Amino acid sequence: MGTIDLRLSAADPLLADVGFMADPRARGRGHLPAVLTALSAWGFATLGLARIEWRANVGNTASRRAAEKAGFTVEGIARGGLTHRDQRVDVWVGALLAGDLA
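Treat the numbers as computed from the prediction; the structure is a model and nothing was measured. Position numbers for residues count from 1 along each chain, tracking the sequence in the order it is written. Confidence filtering applies because this is a predicted model: local features only for residues at pLDDT of at least 70, side-chain atom pairs given and counted only at 80 or more, and all residues used for totals across whole chains, interfaces and linings. Side-chain measures were taken over the full set of non-hydrogen atoms in the model, leaving aside hydrogen atoms and water.

Trainee: So what's going on with the overall build of the protein chain? Residues and values would help.
Mentor: Strands are runs of DSSP state E lasting at least two residues, helices are runs of H or I lasting at least four, and both sets are numbered from the N terminus onward. When helices and strands are tallied, the protein chain shows 2 helices and 5 strands. For the protein chain, the succession of helices and strands along the chain, N to C, is β-β-α-β-α-β-β. The C-alpha atoms of the protein chain give 13 Å as radius of gyration, which agrees with the globular expectation for 102 residues (13 Å, within 12%). Burial status across the protein chain gives 30% buried among its 102 residues. Residue contacts are counted whenever heavy atoms from the two residues lie within 4.5 Å of one another. Looking at the protein chain alone, contacts between residues at least 24 apart form 54% of all its contacts between residues at least 6 apart. Each accessible area is a Shrake-Rupley estimate made with a 1.4 Å probe; only the visible protein chains count as cover when residues are assessed. For the protein chain, the computed accessible surface area is about 6300 Å², with 54% contributed by carbon and sulfur atoms. Here the globule rule reads 2.2 Å times residues to the power 0.38, and the radius of gyration is calculated from C-alpha atoms. The cut-offs for exposure are 20% and 50% of the maximum accessible area for each residue type, with area from a 1.4 Å probe on protein chains only; residues under the lower value are buried, those over the upper are exposed, and the others partly exposed.

Below, the structure is given as structure tokens:
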């Protein structure tokens, strides 16, 4: 149905970032926001994280919609924030804090 991963920051033990993608046939059913919420809750409760960050290319509305449904707040745009197909692209940046799920 898709993949999701939680990557821990080497520089900050209370910070992680999340990445995910869903098969087109599994989209629009609420699976991804549910899994993203569950993984985030696990990261806060089990790993003691304080913040989980999310990034997506500006225009990737499906990713943004899933993140927002899981409680992530879009904080802004990082200009040239990621490399995509050998070019720097603008990305939305969002985060979920431990208290956001309470």
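Trainee: I'd love a proper account of helix H2 (residues 61-69), names of residues and values included.
Mentor: In an α-helix, one full turn covers 3.6 residues, which means residues spaced three or four apart are oriented alike. What H2 keeps buried is the set Ser-63, Ala-66 and Ala-67. For H2, the buried positions fall inside an angular range of 95° around the axis, keeping them on one side. Where H2 is buried, its residues contact strand S2 (15-22), helix H1 (31-47) and strand S3 (51-57). Downstream of H2 by one or two residues, Gly-71 has phi in the positive range, about 105°. Along the arc lie the directions from the helix axis toward the C-beta atoms.

Trainee: Can you tell me about the pairing of strand S5 (residues 87-97), naming the residues and giving the values?
Mentor: DSSP calls a pair of strands paired once it identifies at least 2 bridges connecting them. Relative to S5, S3 runs antiparallel, the two sharing 7 bridges. Bridge assignment links Arg-51 to a residue of S5, and that residue is Leu-97. Pairing between strand S4 (residues 73-84) and S5: 8 bridges, direction antiparallel. Bridge assignment links Thr-83 to a residue of S5, and that residue is Arg-88.

Trainee: Explain the sheet that holds S5 to me, using residue names and the numbers behind them.
Mentor: Across a sheet, strands are paired by hydrogen bonds formed along the backbone, either parallel or antiparallel in direction. Strands sit in the order S1-S2-S3-S5-S4 across an open sheet of 5 strands; the sheet is mixed. Each of the sheet's edge strands pairs with one partner strand only, and the pair in question is strand S1 (2-8) and S4. Between one strand axis and the next, the sheet turns through 30° on average, direction left out of account. An axis is simply a line fitted to the C-alpha atoms; with a helix, the fit covers only the stretch in contact. Between two such axes, the angle follows the N-to-C directions and lies from 0 to 180 degrees. The sheet strands contacting H1 are S1, S2, S3 and S5, and the helix crosses S1 at an angle near 25°. Across the face of the sheet, H2 comes into contact with S2, S3, S4 and S5 while running at roughly 160° to S3.

Trainee: An account of the pattern of salt bridges is requested, with residue identities and associated values reported.
Mentor: Within this document, salt bridges are pairs made up of a side-chain nitrogen of Lys or Arg and a carboxyl oxygen of Asp or Glu, the two lying within 4 Å of each other. If you walk through the whole model with that rule in mind, you get 6 salt bridges. Between Arg-7 and Asp-17 there is a salt bridge; the shortest N-O distance is 2.4 Å. With a gap of 10 residues between them, Arg-7 in strand S1 and Asp-17 in strand S2 connect regions that are remote in the sequence. Under the relative-accessibility criterion, Arg-7 is labelled partly exposed at 36%. Ionic pairing is found between Glu-75 and Arg-51, a salt bridge with its closest N-O pair at 2.7 Å. Taken together, the residues Glu-75 in strand S4 and Arg-51 in strand S3 connect sequence positions 24 residues apart. Here the salt bridges share partners, and the residues they tie into one network are Arg-51, Glu-53, Arg-55 and Glu-75.

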